[in-house]
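# Topology and contacts: notes
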Amino acid sequence: IVSVPREQLWVPDINIAEYMDEDKAPKTPYVYLYNTGHVFDDKPLRVVSSCRLVIYTFPFDIQNCSLTFGPYLHFATDIRMIQGLTSEEILNQSQDVLQTNGEWELTGISVAPSTLALHEGSYSEIKYYIILRRRPVLYVVNLLIPSCFLITVDLFSFLLPLQTVDRSSFKMTLILGYTVFLLIMNDLLPVTGETTPLINVFFSISLALMVGSLLETVLITNIQCGSSQYSAVPHWLSILVLRYLAVVVFLPRKKKSSQHTVFLNPSLGVKPPPEPALDELRKLSRDLLAIRLQVDKHFQGSETSQEWQMIGIVIDRLLFGLYIVFIAVSFITIICLWSKHYAA
Amino acid sequence: IVSVPREQLWVPDINIAEYMDEDKAPKTPYVYLYNTGHVFDDKPLRVVSSCRLVIYTFPFDIQNCSLTFGPYLHFATDIRMIQGLTSEEILNQSQDVLQTNGEWELTGISVAPSTLALHEGSYSEIKYYIILRRRPVLYVVNLLIPSCFLITVDLFSFLLPLQTVDRSSFKMTLILGYTVFLLIMNDLLPVTGETTPLINVFFSISLALMVGSLLETVLITNIQCGSSQYSAVPHWLSILVLRYLAVVVFLPRKKKSSQHTVFLNPSLGVKPPPEPALDELRKLSRDLLAIRLQVDKHFQGSETSQEWQMIGIVIDRLLFGLYIVFIAVSFITIICLWSKHYAA
Amino acid sequence: IVSVPREQLWVPDINIAEYMDEDKAPKTPYVYLYNTGHVFDDKPLRVVSSCRLVIYTFPFDIQNCSLTFGPYLHFATDIRMIQGLTSEEILNQSQDVLQTNGEWELTGISVAPSTLALHEGSYSEIKYYIILRRRPVLYVVNLLIPSCFLITVDLFSFLLPLQTVDRSSFKMTLILGYTVFLLIMNDLLPVTGETTPLINVFFSISLALMVGSLLETVLITNIQCGSSQYSAVPHWLSILVLRYLAVVVFLPRKKKSSQHTVFLNPSLGVKPPPEPALDELRKLSRDLLAIRLQVDKHFQGSETSQEWQMIGIVIDRLLFGLYIVFIAVSFITIICLWSKHYAA
Amino acid sequence: IVSVPREQLWVPDINIAEYMDEDKAPKTPYVYLYNTGHVFDDKPLRVVSSCRLVIYTFPFDIQNCSLTFGPYLHFATDIRMIQGLTSEEILNQSQDVLQTNGEWELTGISVAPSTLALHEGSYSEIKYYIILRRRPVLYVVNLLIPSCFLITVDLFSFLLPLQTVDRSSFKMTLILGYTVFLLIMNDLLPVTGETTPLINVFFSISLALMVGSLLETVLITNIQCGSSQYSAVPHWLSILVLRYLAVVVFLPRKKKSSQHTVFLNPSLGVKPPPEPALDELRKLSRDLLAIRLQVDKHFQGSETSQEWQMIGIVIDRLLFGLYIVFIAVSFITIICLWSKHYAA
Amino acid sequence: IVSVPREQLWVPDINIAEYMDEDKAPKTPYVYLYNTGHVFDDKPLRVVSSCRLVIYTFPFDIQNCSLTFGPYLHFATDIRMIQGLTSEEILNQSQDVLQTNGEWELTGISVAPSTLALHEGSYSEIKYYIILRRRPVLYVVNLLIPSCFLITVDLFSFLLPLQTVDRSSFKMTLILGYTVFLLIMNDLLPVTGETTPLINVFFSISLALMVGSLLETVLITNIQCGSSQYSAVPHWLSILVLRYLAVVVFLPRKKKSSQHTVFLNPSLGVKPPPEPALDELRKLSRDLLAIRLQVDKHFQGSETSQEWQMIGIVIDRLLFGLYIVFIAVSFITIICLWSKHYAA
């Protein structure tokens, strides 16, 4: 074994097909010649290569990248590439010296000699397949968990009573938070390749659900609070919602307390003889009645608006149920897809 | 066919007119000489070139970039550039080895020999036109869909009843969310070229609509809630809004319940003889009347402010209609422009 | 005309005084010798130079950058720099091949031969002045228009009635939105040079106006809603504000309805003879009076706080007027400065 | 001692095993030959190396990086690496000339000669271990302190009375602030290595606590404000919560004021003889009773909802206690881990 | 004077000790030999050096950086470095050609010959000290002024009346705005060096003040609005706060209006003879009394909660005062430190 300056031998360079950038590693001017005819080129290479990422199951993805080594000029009759170490040895040595930024984990290396056959002749090549598994902790902690938190908050916000708390404003703030959150995502997510990653579908569904539930809240708020200007509930709607849908959402229809309308009519029809004290009493009575009507109207609302409010509650609860079902189905689907691809 | 070191032949370099940066690809020291007189230079080139993007229809744009190959020194009489492969072969090979970051899709390559005629002589050149189509999924998911969501929320927010919910605060939060959203856009959007892209027009219209509807809400809120300090509604305004515009927005004018003013006057004019019990009753009556007036005023507002509120409702609904019409027209226009350019 | 390798002639390099970075353009090894004695060096140069930007009128600024070409070694007696093309030809050719990122527009090129006289001898130089005009669309759309929108919203928010809507919270959200907006600005704005750009003054004034109007709102809110704990309005303040300032802001002073205080005193001084029914009536009367006083106080507030509220309204409207005047003056000034510099 | 051009001696280069990038330091063409046979190579090297960071205790972490110097070609029989200075001298000199960006503090250097034994022969090497301590001030000020502030605000927000202030909206804004804060973190935090840093656990727990307390608030709000539509409290729940849990949270059960139900029944059963004045009085009585019932219901709520509210208060206080305990335990644990690792 | 190619003379390179990166300036192949024995090397150098910044007083800091020129190989006996121009000439020429990005202003240059004495011999060196003053306008406008604005808003927010406006929510939004603002800061601020800059202390104090005042607001809100469930005020607290502290904050203790409790007791003890009309009247009386008690309680609160509210107001005003004092002291201190260091 002799080490000889590279230039004195005209040993042709071994090229890497996936090369992308100039080699910036320090140059080594020697190759080793063995008496067996083997040539051992101990040249360090700094390869910046590109690998077609399959990010459909991001952040639970496993990538398979290849590096092809071969002579640039000489055919297979002149130079034959021989695998020096077994793939297990390479894997072990690589895992010892590998220093990643922690995101990727080297899980396997496999080697396969191959031949590039052109019509002028064929070249001997060696292909190394490098299998990298992404460590998903960072993305789970920073993307998936907060997103699930926000969806959970959105789900729970259906419990906020519409009359006392401004639920629409609450949900608007939630969506604002989700928009801020989209900012973080754009920094962390890889740009979408040919297939849209599942996680993008996940986020789009989440945003759509939030917006949908906000629109529902605005609608119910309009029914609940703005119903004083509505005309009477159509009969079919009343029957449909209050009799049938109400049962579906476990909300028994309340009996109307028809008490207060009974009292009103007689007090207007009586016409007693004019007498000073009685006159005063009647004026008192009229005023008190007027106050009572106002108070009744203020605290209970008219019968029409009460019926509208009841319809609002039933629809709110119904859509809440549908929302839960939809979230459950879509998230279970996504998790199934992730776990299937991750296991594979 | 012989491969000869490049230096020993003084083969002139082939240049690329659109070159922008130094070539950093690994050097190959050989060219192939064929006995037919053809010279085949298998040199890999790493070209960083610039291409004038036409981003009017971004993100649905198709770009046409050209690469011009030619000798730097020798006239067409010395070196003639010949197309080695057909454009279909180049396209197929390119699509096999192409590795983009997923945003661009290579849809076509066309080749055209050309001649650069200067007055010293003419150079033989070959021009390659590369047609790239942008994959719009990322931008549709991250920019267009959330923006449409926010516009939809803004549209629905007209349903929020002004008296019970603070609609102006809701819309302000919405605009805040849109501002955050503008942050994301600035990261994703290409800088505007000579023509402003349609998507910028889209976003500007969206923001203008939101701000406009917020200003409208502030105005209506002022009319609705601050009307207690207004002077009486001018007659022409009352006629115009409540009789004509109200019909346009399907809001029949409510009949005023003129009942309560009738009761008030007689109770003040009566002067009964002084008697202890009666005196007490009258005091009672006066106090009760005072309370009743306060309650009436609180729950119903004065007639003037009721009329102002009615005007507010009519204008609110009218502008809501105009808002819908404007959104519909402008968005349909933009979508038409996009689809026309995308199909072309 | 012969093209000769550069090395065989020892043609000295032509230098650019404004050079900043190593030339990375592909090297050309030939220069052209004409039989007239002219030497034509067709060397492509990739110059990364710096130019002192005058950004006072950003984004409506026009920059004037210079490139100086000259020999590094030989005095004017040995090498004289001669302008090959007229400045119009250069401008036309440049505009044909120029590929900017769309922000800058080449509007003019002028040429001037000059001489660098050192005490060892003088060098022949050629100076090219390149006039670039910034295309302001991007900045107008992303910075100026949204900023004006936010200022307009701030202006309109004075219309929000203080009693029913939380105007201070509305303005706080607005300022929050402006802060987010400042984030976008910091990405887009060039760092300030020796003179502060007008646009920075514009944004600072906008922010100051918003904060000022928020502070005003907080103050008026304190006067309007917290006045129940105030002592009586000082006489001079009452006169000043309600008599003089109220006229300035077109707010006629309302006559106080002095009706309700008249009723109160007699009902307390009467002492009728004890009798069961009358006694009950008196208790009734006392309770009713107490309720009425509470109701009066709740709905109208005490006279003191009514006066304070009136003062609050007057001051609010007065400052609103001043705010409009100030905005108008400062914005007109800025626009005048911009247009003056842009036209110049 | 003679300084001789490096090329004339064929002195082999000394390599650094951790090399990552091309050496860009200015080249020195000489080495020093001593008459003792020592060769002193004064070559400056600009090494961009990588070091496996252990960031479990970030930002209180101490890193230990190594640099290995050795000949690339010659065995230990030809070249022996000798340590020129003691590690104390190196440390002192390094601390004098070191210019970091302030984040890292050089706290120690140790040297160890080592041997790389391959089967062809062994190489003489010298390893330098560099111990760097991170200055945590930036991260404590920008990450830990604001995060603790937000957690404290979340803790205090339990004191906000649910009936008068919209606590859920307050907490939602707080979480929005925390999301913005996550944006800052993503800029500052190093990407997670193989082990998740404690600080990530800290932030995740903080976010989980905030979301958890928000959900609790939504639940209690539902119980407190929406209880008017609930059915009666189950007996076991009432006993469990109001008798046992209430004691745990130091909230004595209030005695119900059963006074007002007593008054109601007799007034409905009495049927006096018809007489004009008496008739009026009875109408008065009926109306007043109706008003009173409304007022009672409005101000106190029904007995059922009062009981639900009491349950809400007890659970609120109970979970507040649990929240405090959980925060205390988890933060003390984290601080202990940090301080233990920092001291070690 | 002759200009000779550098290689033909073996003129040793002059090195710069602070060198950090490879020199990328265009190479000049000549040096000037004077007949006086002086050698003039007109070589342009592009130095990327590092300078230990002292950022304690950022953005009002003045930096002092040094550049050391000396031969790499030859001792002072062979090459002596001589200062060509006076420091004033250098300063003037530098200010003429200097093109910074506007942040730094060159205010002084001083020159000092020095000697690097090693034990093999001593080297002749020249040190240039460059004094740079940071232009603080950008940071004052973008960091200090908005921060002061937010602090001012926080200060004024104490004026928001707690009963009518949700002050805690207002302050929460303010803190949210400050968090967004921290994002901007992280982009603009230099990383902290060995000493923490004063501006960081400034921002930390600001944030701490905001959070502290928010916590105070939550506490006072609890006292003000949640006091209906409190037990009676302890006597010592009542005395301490209402008698002594109230005087400190110029809040005279209001006399309690003890009127309404007097009326209540007699109406319950009277037992008149049963008579129909009187009976009705008594029922009326009872109902009215019940209503009045509810109204009283609703509008005034119980005496206990009134006392708690008074305590809340006193503490609020007291802490407001302390807050002002603390802000004033800390800001004056910081401004003094800044101005002292800036003047020095």
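Residues numbered from 1 in each chain as written. Chains lettered and ligands numbered in written order. Predicted model: local features only at pLDDT ≥ 70, side-chain atom pairs only at ≥ 80, totals over all residues. Heavy atoms only, no water.

## Observations regarding the overall build of chain A
Within chain A one finds nine helices and seven strands. The burial tally for chain A puts 44% of its 344 residues in the buried class. If you take every contact in chain A between residues at least 6 apart in sequence, the share linking residues at least 24 apart comes to 74%. Carbon and sulfur atoms provide 62% of the accessible area of chain A, an area that totals close to 17,700 Å². (Helix = DSSP H or I, 4+ residues; strand = E, 2+ residues; numbered from the N terminus. Buried < 20%, exposed > 50% of the residue type's maximum accessible area, 1.4 Å probe, protein only. Contact = heavy atoms within 4.5 Å. Areas by Shrake-Rupley, 256 points an atom, 1.4 Å probe, with all protein chains shown as cover.)

## Here we look at the pattern of salt bridges
Residue and element names in this part refer to chain E. Under the definition given, this model contains 15 salt bridges over all chains. The salt bridge involving Lys-171 is made with Asp-154; its shortest N-O contact spans 3.6 Å. You can see Lys-171 sitting in helix H3 (residues 167-188) and its partner Asp-154 sitting in helix H2 (residues 137-156), a full 17 residues away along the chain. We note that Lys-171, like Asp-154, is buried. Across the salt bridge formed by Asp-316 and Arg-167, the nearest N and O atoms sit 2.9 Å from each other. (Salt bridge = Lys/Arg side-chain N within 4 Å of Asp/Glu carboxyl O.)

## Here's the deal with the confidence of the model for chain A
Predicted coordinates in regions of low pLDDT should not be interpreted in detail. Taken as a whole, chain A shows an average pLDDT of 77; of its residues, 78% reach a score of 70 or greater. Across the predicted assembly, pTM comes out at 0.82 and ipTM at 0.77. (pLDDT = per-residue confidence, 0-100.)

## Thoughts on the packing of aromatic side chains
All told, the structure shown has 50 aromatic pairs over all chains when counted by the stated rule. Ring geometry for A:Phe58 versus A:Tyr139: centroids 4.9 Å apart, planes at 65°, classification edge-to-face. Here A:Phe58 is found in the loop between strand S4 (39-40) and strand S5 (62-71), whereas its partner A:Tyr139 is found in helix H3 (residues 137-156), with 81 residues between them in sequence. For the pair formed by A:Phe58 and A:Tyr139, the shared burial category is buried. A network of ring pairs unites the aromatic residues A:Phe60, A:Tyr178, A:Phe181, A:Phe202, A:Phe203, A:Phe331 and A:Trp338 as a single cluster. Its end group placed over the ring of E:Phe158, E:Lys171 keeps NZ or CZ at 3.8 Å from the ring centre. (Phe/Tyr/Trp six-rings, centres within 6.5 Å; stacked < 30°, edge-to-face > 60°. Lys NZ or Arg CZ within 6 Å of the ring centre and 35° of its normal.)

## Quick notes on helix H2 (residues 87-97) of chain A
Residue and element names in this part refer to chain A. Three or more residues of H2 are buried, namely Ser-87, Ile-90, Leu-91 and Ser-94. In a view along the axis of H2, the buried residues occupy a sector of 100°, so they form one face of it. Opposite the buried face of H2, by more than 90 degrees, sit the exposed residues Glu-88 and Asp-96. Along its buried surface, H2 packs onto strand S6 (104-118) and strand S7 (121-134). (Arc of directions from axis to C-beta.)

## Details of a negative patch on the surface
Together, A:Asp187, B:Asp187, C:Asp187, D:Asp187 and E:Asp187 make up a region of like negative charge exposed at the surface. For C:Asp187, the position within the fold is in helix H3 (residues 167-188). (Patch = residues over 30% accessible without salt bridge, like charges linked within 9 Å, V, L, I, M, F, W, Y side chains within 5 Å. Lys, Arg positive; Asp, Glu negative; His and termini not counted. Charge placed at Lys NZ, Arg CZ, Asp CG, Glu CD.)

## A word on the environment of A:Lys43
Note that A:Lys43 resides in the loop between S4 and S5. Sequence-wise, A:Lys43 and A:Val31 are twelve residues apart; in three dimensions their C-alpha atoms are separated by 7.9 Å.

## Section: the packing of helix H4 (residues 198-225) of chain B against helix H8 (residues 303-343) of chain B
Residue and element names in this part refer to chain B. Remark: H4 packs on H8, axes separated minimally by 10 Å, with the N-to-C direction vectors making an angle of 175°. In terms of orientation, H4 and H8 fall into the roughly antiparallel class. Residues belonging to the contact of H4 with H8 are distributed by class as follows: 19 nonpolar, six polar and two charged. (Axes fitted to C-alpha atoms, helices over the stretch in contact; angles between N-to-C directions. Parallel < 35°, antiparallel > 145°, perpendicular 65-115°, else oblique. Nonpolar A, V, L, I, M, F, W, Y, C, P; charged D, E, K, R; others polar.)

## What about the packing of H3(C) against helix H4 (residues 198-225) of chain C?
All names here are of chain C. Orientation of H3 relative to H4, taken along the N-to-C sense of each, is 165°, at an axis distance of 9 Å. Here H3 lies roughly antiparallel to H4, going by the angle between them. The way H3 lies across H4 gives a crossing that is left-handed. Residues Arg-167, Ser-168, Lys-171, Met-172, Ile-175, Tyr-178, Phe-181, Leu-182 and Met-185 of H3 touch H4, and the partners they reach there are Phe-203, Ser-206, Leu-207, Met-210, Val-211, Ser-213, Leu-214, Glu-216, Thr-217 and Val-218. Its residues assigned to classes, the contact of H3 with H4 shows twelve nonpolar, four polar and three charged. (Left-handed = near helix turned anticlockwise from the far one by under 90°.)

## Here we look at unusual backbone geometry
The linkage connecting C:Phe58 with the following residue, C:Pro59, adopts the cis geometry, with an omega of 0°. Its place among the elements puts C:Pro59 in the loop between strand S4 (39-40) and strand S5 (62-71).

## Section: the UniProt feature "transmembrane region" (unreviewed entry) in chain A
All names here are of chain A. Listed under "transmembrane region" (unreviewed entry) in the UniProt record, and renumbered for this structure, are residues 137-160, 172-189, 201-221, 233-251 and 318-340. Between the first and last C-alpha atoms of residues 172-189 the distance is 25 Å; the span itself is 94% helix and 0% strand. As annotated, residues 318-340 comprises 100% helix and 0% strand, and the C-alpha atoms at either end are separated by 33 Å. (UniProt positions renumbered as here; feature names shortened; annotations may be inferred.)

## Examining the state of the cysteines
Overall, the coordinates contain zero disulfides over all chains when judged by the stated rule. Here C:Cys336 stays free of any disulfide, with the sulfur of C:Cys148 as its closest cysteine sulfur at 15 Å. (Disulfide = S-S within 2.5 Å.)

## Describing a nonpolar patch on the surface
Together, A:Trp236, A:Leu240 and A:Tyr244 line one region of the surface with nonpolar side chains, adding up to about 380 Å² of accessible area. As for its placement among the helices and strands, A:Tyr244 is situated in helix H6 (residues 235-248).

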